[in-house]
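Coordinates in review
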Amino acid sequence: FARAAESGMDKNLGGLGRFKNQDISNTVWAFATLGLLHSEFFEETERQIISRINARASQSTRVFKAQEVANLLWSMATLNVQPGTEMIDAISSYIASECRGKNGFDE
């Protein structure tokens with residue numbers, strides 16, 4: 001799994017930037033389900049999340065689906081990953097901006 005994570009982060013192959021949101025979400029979910037923490041992969045995941053949310057600020061499109069956000073946060077909590085304040089601020093603001101009425105995320 002370490003080799004899979006390192007391959008995913010390989011800048012020569014495009015790093016995590018080539019991953020779709022669901023790919024990132026599913027990958028961190030798989031690591032957490034197996035109880036495996038690859039710190040560098042999770043740090044790069046955090047950078048990708050922040051980057052994608054910040055890039056969205058100039059657009060009116062959704063970056064992450066509700067399930068993707070849930071998988072990302074569940075995975076971090078399960079592995080006791082302590083995200084930085086920039087990540088917490090970005091994802092909190094994103095969730096708040098996406099919530100609509102009593103049903104939460106519009107899907």
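Everything discussed here concerns the structure shown above.
Read on for a plain summary of the structure. (Residues numbered from 1 in each chain as written. Predicted model: local features only at pLDDT ≥ 70, side-chain atom pairs only at ≥ 80, totals over all residues. Heavy atoms only, no water.)

1. What to know about the overall build of the protein
Quick note on the threshold: The helix and strand labels rest on DSSP assignments: H or I over at least four residues marks a helix, E over at least two residues marks a strand, and numbering proceeds from the N terminus. The buried label goes to any residue with under 20% of its type's maximum accessible area, the exposed label to any with over 50%, and the partly exposed label to all in between, with areas taken from a 1.4 Å probe on protein chains only. Here a residue-residue contact requires only that any non-hydrogen atoms of the pair lie within 4.5 Å.
Tallying secondary structure elements over the protein gives five helices and zero strands in all. Starting at the N terminus, the α and β elements of the protein follow one another as α-α-α-α-α. Out of the 107 residues in the protein, the part that is buried amounts to 38%. When contacts within the protein are restricted to residue pairs at least 6 apart in sequence, those whose partners lie at least 24 apart make up 69%.

2. Let's talk about the environment of R18
Structurally, R18 is set in the loop between α1 (2–9) and α2 (21–34). Classification of R18 by relative accessible area gives partly exposed; the value is 39%. In this structure the C-alpha to C-alpha distance between R18 and G8, which are ten residues apart in sequence, comes to 8.7 Å.

3. Considerations on unusual backbone geometry
One non-glycine residue with positive phi stands out, namely N80, at about 60°. By the element assignment, N80 lies in the loop between α4 (66–78) and α5 (85–98). Of the residues examined, N80 reaches a relative accessible area of 55% and is grouped as exposed.

4. Notes on the nonpolar core
Inclusion rule: Definition of nonpolar core: a set of buried residues of the types Ala, Val, Leu, Ile, Met, Phe, Trp, Tyr and Cys, connected through side-chain atoms within 4.5 Å.
Of all hydrophobic cores here, the largest spans 23 residues; its most connected members are F42, I49, I53 and F64. Secondary-structure elements contributing two or more residues to this core are α2, α3 (39–56), α4 and α5. In contact with I53, not counting residues within four places along its chain, are V63, F64, A90, I91 and Y94.

5. Examining the packing of aromatic side chains
Heads up, the condition is: Each aromatic pair joins two rings of Phe, Tyr and Trp (for Trp, the six-membered one) with centres within 6.5 Å, and gets the label stacked for planes under 30 degrees apart, edge-to-face for over 60, and tilted for any other angle.
Counted under the stated rule, the structure contains three aromatic pairs. Consider the rings of F31 and F41, whose centres lie 5.6 Å apart with planes at 25°: the pair is stacked. Here the residue F31 occupies a position in helix α2, and F41 occupies one in helix α3, the gap between them amounting to ten residues. For F31, a relative accessible area of 4% translates into the label buried. Here the aromatic residues F31, F41 and F42 are joined through ring pairs into a cluster of three or more.

6. Digging into the side chain of N21
The test is simple: Between N or O atoms, a polar contact is any pair within 3.5 Å; within protein, one atom must be a potential hydrogen donor and the other a potential acceptor, and residues adjacent in sequence are included only when both atoms are from side chains.
Mapping N21 onto the fold places it in helix α2. We classify N21 as buried; its relative accessible area is 16%. Of note is the side chain of N21, whose polar atom sits 2.3 Å from the backbone oxygen of V63. Not counting residues up to four positions away in its chain, the partners in contact with N21 are R52, V63, F64 and E68.

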